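Listed here are the chains, written in short residue letters.
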Amino acid sequence: MNLEAVYLQQLINGLSLGAMYALLALGFTLVYGILELINFAHFNVFMVSSFFGMWALELLGLSGQAVVLTGLPLAGALLFAFIVTMTLAGCLGVAIERLALRPMRAVRGTAAMITTIGVSYILFNVVLLTVGADSKNYPNPMPNVSWALGGATLRLREVLIWGITIVLMVGLQLFVSRSRLGKAMRATAQDAEAARMMGIDVDRVIVTAFFLGSALAGAAALIFGLYYNYTSFVIGYSAGLRAFTAAVLGGIGSVSGAMLGGVIIGLIESLGGQLLAVRWTDVIIFSILVLVLVFAPSGLLGRAAPNKS
Amino acid sequence: MLSRRSLIVQLPAATLAGSVALRAFAADKTVTIGIDLPLTGADAQSAQKIKDGAIMAIDEANEKGGAGGYKLNPLVLDDGTATAGQYDPAQAATNARKMVSDDTVVAAIGPQMSGSGKAMSPILSQGNLATITPSSTNPDITSPKFAGQYRPGGKAIYFRTVTTDAFQGPNMANYYADTLKVKSVYVLDDSGAYGVGIADTFQAQSQKRGLNVLGRDQLNPKEADYTTVLTKIKSLNPDSLYYGGVAQAGVKLVKQSYDIVPTIVKGGGDGMYGPEVLKGAGFPACAGWYATIAAPHVLGDPAVAEWTARFTKKFGEPPEDYSITAYDAANVIIDAIARVAASGKPVNRDNVRDAIQSTKLKTLQGEITFDENGDLVNKVISVFQIVKDDTKPLDDVAYQYKYMGVAPQSA
């Protein structure tokens, strides 16, 4: 491989990572935009969802990498898996909101955020104790198709990941900017009290934000499983923390910021690993988090925090 | 139903009530053997097989009336935690304190992992409580160079029924150079005590043997994505890859290296020997990987076939080589307790430690004797390659890891 090919390959790697981080970052941003709550349970909603996706694929009789589908059956299997995973993930998010966070809503301060940390650990341990600690061999029905691209390799799964991510993001953007509920979400994000006075059902908006954010985490989780052919109960922490950094970098509360932040973090991870050594990746990423928090707390595309008195 | 006696034994024996009650037991002659293993986390399956090996020896001794008349009571402690997702040295230290504070514990088996061993050794040393590890191979723990750090009590308390990475890493480097005839290598580790240690010794010997070491990097076991480092490795075009580390990072490395660098020679140490690799990475990704163990390979030996059958019958799952080293470790302790009892001296930690030190016992892996640091006198590194055997269960270590021979010892 010549030098350009290596960088092209790392660009491909970084964009795939970035797509996953972006989907995951959206969940932080949607909830933060409306409740100003950092939802740490999101880490492990992602992790649990990867198991939902695995079970959905196994339900179709797919296990390991033994069964390879092409054409319509592949599209059907993936569509089924995405719908099941995203629906279950969304419902999990709504359940967390309903059971653990709504009772805390009237409480001031950091109690709600700490509750989300608790919920995160509950999910983590429930999975550890029920499905076990070993790494799971994730089903992958995608054929091993790849194209040579100037010395680099572009695989079918990367193309699919980018395609699915773009569809989901465009869909989300349209939903937030065009639909009634989306407009209600934006109104609530700007000023919940005024929105309530205008007759917006704020509870419904909050439930929607949790559902959408968690469903996107579900999509990210399934993509994660298909991409790495692997899942385990520990995956939430590292991916979640990076996605959170992406959300902050892009401007927490901003939907397009989360997308941009995700891609940037993905690229930093792959190109940083190439230029230095992978053992420095965490140092680079979290230094960026600190620098953003100090010098540009509203992030790249974030609005300055509204003054709620 | 619990009898009153077993209820007392099951109480956390560190409590005052527990230890008083247990001391009163001396008439009934029971002693405790501590067992510390990562029973939750990424290495849980091989830890379970190690535990089974030890429990089997203890059960057999108890059926024959105990060791020198002493009934043996295993105290099983888990050093794996959810936060670490694998073995956790902090938990291992807590477990070591628990064993030391329990007067009935006369010796211990474990830990599985060197990271835990480094945390436990100083604590056990201060309590003069001997442990025998069936699998942890980091050489520092028993090296006289670090005696001040790991052996502040003075005497050797960390014994092994395996040899160390001072042989496992270098001998595999010799195998790479002599048998596999590779010219260049990229070295990775998983940032744990074991992984860094074995990768260091492998790298040093590779350089000595004239292999071109193209680079060295470190994987974060909690991170999922290794495509970056693998792309970098691919661009350097090495003949081979060596990974020092355990399964948590190893499984992901196997998967992703199969996609990115499918054809080069890939291998690791005993961290890559176990059902986790076969199950988590699966075929075809894991096929072709080399792994070593720091013990002679006796599982395939007809002499242990009968033992293997008994093991499989008792636990419903086949053993692996470190089940044997665990079984041997337990038998060394049982033999030591029996010798102390026979000599008429009190069966306590100090005497059991001294008896373990002077062990000369025929076991499944051959005769076991220890040097003054607690290391095995016999040093054998066995090499395996994962070769798919469709006729047998695909996660059965005994069949899917094909024995390739003994790695050449450096002169």
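Just so you know, these numbers come straight off a predicted model, no measurement behind them. (Residues numbered from 1 in each chain as written. Chains lettered and ligands numbered in written order. Predicted model: local features only at pLDDT ≥ 70, side-chain atom pairs only at ≥ 80, totals over all residues.)

### Observations regarding the overall build of chain A
In terms of helices and strands, chain A carries 11 helices and 4 strands. In chain A, which comprises 309 residues, the share counted as buried stands at 50%. Taking the contacts inside chain A whose residues are at least 6 apart along the sequence as the reference set, 79% of them involve residues at least 24 apart. (Helix = DSSP H or I, 4+ residues; strand = E, 2+ residues; numbered from the N terminus. Buried ≥ 20, exposed ≤ 12 C-beta atoms within 10 Å, placed from the backbone. Contact = placed C-beta atoms within 7 Å.)

### A few points about the environment of Lys266 of chain B
Residue and element names in this part refer to chain B. Along the chain, the position of Lys266 falls in strand β9 (residues 265-268). Under the C-beta neighbour-count criterion, Lys266 is labelled buried, with 22 such atoms within 10 Å. Once the C-alpha coordinates of Lys266 and Gln385 are considered, the two residues, 119 residues apart in sequence, prove to be 9.7 Å apart. Discounting chain neighbours no more than four positions away, the residues touching Lys266 are Ser240, Leu241, Ser257, Gly288, Trp289 and Tyr290.

### What about the pairing of β9 of chain B?
Residues and elements named next belong to chain B. As judged from the 4 bridges shared by strand β8 (residues 240-244) and β9, these two strands associate in the parallel manner. By the bridge assignment, Leu241 is partnered in β9 with Lys266. As for the winding sense of the linkage, the β-α-β connection from β8 through helix α10 (residues 247-260) to β9 is right-handed. (Pairing = 2+ DSSP bridges. Right-handed = clockwise from strand over helix to strand, strands pointing away.)

### Description of the domain arrangement of chain B
All names here are of chain B. According to the domain assignment, chain B consists of domain 1 (4-164 + 303-368) and domain 2 (165-293 + 381-406). Computed from C-alpha atoms alone, the centre-to-centre distance between domain 1 and domain 2 is 29 Å. The interface of domain 1 with domain 2 comprises 20 residues on the first partner and 22 residues on the second. Mapped by element, the contributors of at least two residues to the side of domain 1 that touches domain 2 are α3 (44-63) and α5 (114-126). Of the residues forming the side of domain 1 that touches domain 2, the biggest block, 3 residues, is contributed by α5. (Domains from an automatic or database assignment.)

### Quick notes on helix α2 (residues 41-59) of chain A
Residues and elements named next belong to chain A. Between its first and last C-alpha, α2 extends 27 Å over 19 residues, near the 27 Å set by a 1.5 Å rise per residue. Within α2, 16 of the 19 residues are buried, which leaves it mostly tucked inside the rest of the structure. Phi turns positive one or two residues past the end of α2, at Gly61, with a value near 85°. (Expected span 1.5 Å × (residues − 1).)

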